[in-house]
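Survey of secondary and tertiary structure
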Amino acid sequence: MDATRIVAIRHGETAWNVDTRIQGHLDIPLNDTGLWQARQVARALASEPVAAVYTSDLQRAHATAQAVAHSTGAPLVTHTGLRERSFGHFQGRTFAEIESELPEDALRWRKRDPHYAPEGGESLLTLRDRIERTVTALAREHPGDQIVMVAHGGVLDVLYRLATRQDIQAPRTWQLANTAINRLLWTPDGLTLVGWADTQHLDNAARDETHT
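What comes next is a walk through the structure. (Residues numbered from 1 in each chain as written. Predicted model: local features only at pLDDT ≥ 70, side-chain atom pairs only at ≥ 80, totals over all residues. Heavy atoms only, no water.)

A few words now on the pairing of strand β6 (residues 190–198). As judged from the six bridges shared by strand β5 (residues 181–187) and β6, these two strands associate in the antiparallel manner. Along β6, the bridge assignment pairs Leu184 with Leu193. Counted along the chain from β5 to the antiparallel partner β6, the turn is two residues long. (Pairing = 2+ DSSP bridges. Helix = DSSP H or I, 4+ residues; strand = E, 2+ residues; numbered from the N terminus.)

Moving on to the nonpolar core. The biggest cluster of nonpolar side chains holds 27 residues, and the ones touching the most others in it are Ile6, Met149, Leu159, Leu184, Leu191 and Trp196. For this core, the elements supplying multiple residues, two or more each, are β1 (4–10), β2 (52–55), α6 (124–140), β4 (146–151), α7 (153–164), β5 and β6. Considering every element that reaches this core, the biggest residue donor is α7, with seven residues. Ile9, Val53, Ala69 and Val150 belong to the second-largest nonpolar core, a separate cluster that totals 15 residues. (Core = buried A, V, L, I, M, F, W, Y, C linked by side-chain atoms within 4.5 Å. Buried < 20%, exposed > 50% of the residue type's maximum accessible area, 1.4 Å probe, protein only.)

Mapped onto the secondary structure, Leu156 falls in helix α7. Judged by its relative accessible area of 2%, Leu156 falls in the buried class. Sequence spacing of Leu156 and Ile131 is 25 residues, and the spatial spacing of their C-alpha atoms is 9.3 Å. Apart from residues lying up to four places away in sequence, Leu156 is in contact with Ala8, Ile9, Arg10, Ala151, Leu176, Asn182 and Trp196. (Contact = heavy atoms within 4.5 Å.)

Shown next, in the form of structure tokens:
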């Protein structure tokens, strides 16, 4: 089977990202910066061949994906398997609030206990299994093609770990920037990493605006 090229993108910025407030499955819209970031990543990918743009159904990802689909002319497909991790009773709280209000939960979260799930939410193992199944199913549909997947920080973190064969508990040493371009290759043997955290389209655009 031919390899499938994947461009994985985290959604644009939201007000809750700025506030360090856990979004999870709550449907938070992009802020003005996030909308600008979506336009910039769409412009960066406009000349690339894209067979399909797959997106989480949450509006912060969907709005980002819509911009990419419009610029590339690729069909836009919503898939709930690309949703962020469900954080249960963490959702709506800031990092600081979780530390002060739920200290025992916060400790297990910080230690990346793979079996721990916030009340009403998903464990890291459940999240990893969901993302691996979803990506495999979508990539199998496009042998030899390039597809775009627009999702969330937790999803991108899992993709990086799968591609680099890192354990779910390994400390994170990689970036998960909003609308960075991340490139992966999928074959039946799994994912491999091609490039990660490319934000040149954001840096160049910011510099251009400074000089206009």
